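Observations on chain architecture
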Amino acid sequence: MTTDSRVPLTPQAPEGLSRRARYFVEAHGLRVPRRNLTLCRAVWLERGIPAAEIDRAVAFQECWGGIALPPAPAYEGGPRVLEADAPEGSAADGWRFPAGGCRVSMAHGFMIGPGGEFGIDADRWTPLHASTEGWVEALALADHAGYWAKIITKIKGSAVEGLDLDGFEPVPEVQGLADAWWRGKDSLIAVYRGEASGFDAPHCLRAHIYGGLDAWGLGCT
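Now for a description of the structure that goes with this document.

Description of the environment of Phe-110
Summarising the element assignment, Phe-110 is placed in strand β5 (residues 109-112). For the pair Phe-110 and Asp-121, spaced 11 residues apart in sequence, the C-alpha separation works out to 6.3 Å.

Pasting the structure below:
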């Protein structure tokens, strides 16, 4: 498969990200050669994949393909490199395409859903964020909060359901679906419901609480 032969090592952050997320991508990410998916078009059309779904995968590849980001705090670090591949699905069930290979052997894969959602394909399709931008914003916020927090508390299972979110507001830029971030007066809470939902396994529910944050640490400035 032909790839881009000459690419800069430093990626340029796609449009639509916050200043924090743009810095995260460009300061901590890496650009590696990416596949040219236009060369797959004829073969995929022969397999019955709709042209519109091929176009979606190609557009993702042109925007995100070949960007390697630091590991996520959940899902065994997330995709090793963002990389689209052949769409899967049907008109009845909807079409999805891979978002990038796992860093380690996993019981699920990372996918882009029918509406552009970033999620995991476990026992059932589970959107984590409303877009890839939301996933990257969550990575950037975790990196930021992890650096500035005075204390980080990790909880899992039924204890997550007991979290008191009174006085907290959702962080909008992460576009949370199964996963969400919450901002309080001096702390941030990341709730990861994806694996619990995707495998119907409540014990997989987890949350990270970043405490002792000032306005900068909260990501408000």
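Describing helix α3 (residues 51-64)
The end-to-end C-alpha distance of α3 is 20 Å, a good match for the 20 Å that 14 residues give at a rise of 1.5 Å each. All of the buried residues along α3 are Glu-53, Ile-54, Ala-57, Val-58, Phe-60, Gln-61 and Trp-64. Summarising the axial view, the buried residues of α3 lie within an arc of 160°, below the 170-degree limit, and thus occupy one face. Contact partners of the buried residues in α3: β1 (30-31), α2 (41-46), β2 (67-68), β4 (94-100), β5 and α4 (132-148).

Thoughts on the packing of aromatic side chains
Using the criterion set out here, one finds 8 aromatic pairs in the structure. With a centroid separation of 6.2 Å and 45° between ring planes, the pair formed by Phe-110 and Trp-135 is classed as tilted. You can see Phe-110 sitting in strand β5 and its partner Trp-135 sitting in helix α4, a full 25 residues away along the chain. Comparing Phe-110 with Trp-135 shows no difference in burial state: the two are buried. For the pair Phe-118 and Trp-135, a centre-to-centre distance of 4.5 Å together with 15° between the ring planes defines the contact as stacked. Of this pair, Phe-118 sits in strand β6 (residues 118-121) while Trp-135 sits in helix α4; the two residues are 17 residues apart in sequence, bridging distant segments of the chain. On the basis of relative accessibility, which here comes to 0%, the residue Phe-118 falls in the buried class. Trp-135 sits in the buried class, given a relative accessible area of 5%. Pairwise contacts between aromatic rings join Tyr-75, Phe-110, Phe-118, Trp-135 and Tyr-192 into one cluster.

Brief notes about the packing of helix α1 (residues 19-28) against α4
Viewed as axis vectors pointing N to C, α1 and α4 meet at an angle of 80°, and their least axial separation amounts to 9 Å. In terms of orientation, α1 lies roughly perpendicular with respect to α4. Packed against α1, whose contacting residues are Arg-20, Ala-21, Phe-24, Val-25 and His-28, the element α4 presents Val-136, Glu-137, Leu-139, Ala-140, Leu-141, Asp-143 and His-144 at the interface. Of the residues assigned to the contact of α1 with α4, the class counts are 7 nonpolar, 2 polar and 3 charged.

A look at the layout of surface pockets
The gaps of empty space that remain are located by a probe, the size of a water molecule, rolled over the atoms. Considered as a void within the structure, the largest pocket measures approximately 300 Å³ in volume. In terms of lining residues, the largest pocket is bounded by 13 residues, among which Arg-20, Tyr-23, His-144, Trp-148 and Trp-216 are the most central. Listed by contribution, the elements that provide at least two residues to the lining of the largest pocket are α1 and α4. Across the lining of the second largest pocket, the residue classes tally to 7 nonpolar, 1 polar and 3 charged.

Concerning the pairing of β6
Sheet topology places β5 next to β6; 4 bridges connect them, and they run antiparallel. Bridge assignment links Phe-110 to a residue of β6, and that residue is Ile-120. Taken together, β5 and the strand that follows it, β6, pair antiparallel across an intervening segment of 5 residues, in which Gly-116 is found at a positive phi of about 90°. Bridge analysis of β6 against strand β7 (residues 125-129) gives 4 bridges, and the strand direction is antiparallel. Its bridge partner being in β7, Gly-119 is matched across the sheet by Pro-127. In this antiparallel pair of consecutive strands, β6 and β7, the connection spans 3 residues.

A word on the nonpolar core
Of all hydrophobic cores here, the largest spans 50 residues; its most connected members are Trp-181 and Leu-188. Going through the elements one at a time, α1, α3, β4, β5, β6, α4 and β11 (187-192) are the ones with two or more residues in this core. Per-element tally for this core: the top contributor is α4, with 8 residues. Once you skip the residues sitting within four places of it in the chain, Leu-188 turns out to touch Leu-141, Ala-145, Val-171, Trp-181, Trp-182, Arg-183, His-208, Ile-209, Tyr-210, Leu-213, Gly-217 and Leu-218.

The rules behind the values
- Residues numbered from 1 in each chain as written.
- Predicted model: local features only at pLDDT ≥ 70, side-chain atom pairs only at ≥ 80, totals over all residues.
- Heavy atoms only, no water.
- Helix = DSSP H or I, 4+ residues; strand = E, 2+ residues; numbered from the N terminus.
- Expected span 1.5 Å × (residues − 1).
- Buried < 20%, exposed > 50% of the residue type's maximum accessible area, 1.4 Å probe, protein only.
- Arc of directions from axis to C-beta.
- Contact = heavy atoms within 4.5 Å.
- Phe/Tyr/Trp six-rings, centres within 6.5 Å; stacked < 30°, edge-to-face > 60°.
- Axes fitted to C-alpha atoms, helices over the stretch in contact; angles between N-to-C directions.
- Parallel < 35°, antiparallel > 145°, perpendicular 65-115°, else oblique.
- Nonpolar A, V, L, I, M, F, W, Y, C, P; charged D, E, K, R; others polar.
- 1 Å grid on protein atoms, 1.4 Å probe; cavity = no way out; pocket = protein on both sides within 12 Å on 5 of 7 lines; lining within 4 Å.
- Points joined across faces, edges and corners; volume = space filled by probe spheres on them.
- Pairing = 2+ DSSP bridges.
- Core = buried A, V, L, I, M, F, W, Y, C linked by side-chain atoms within 4.5 Å.

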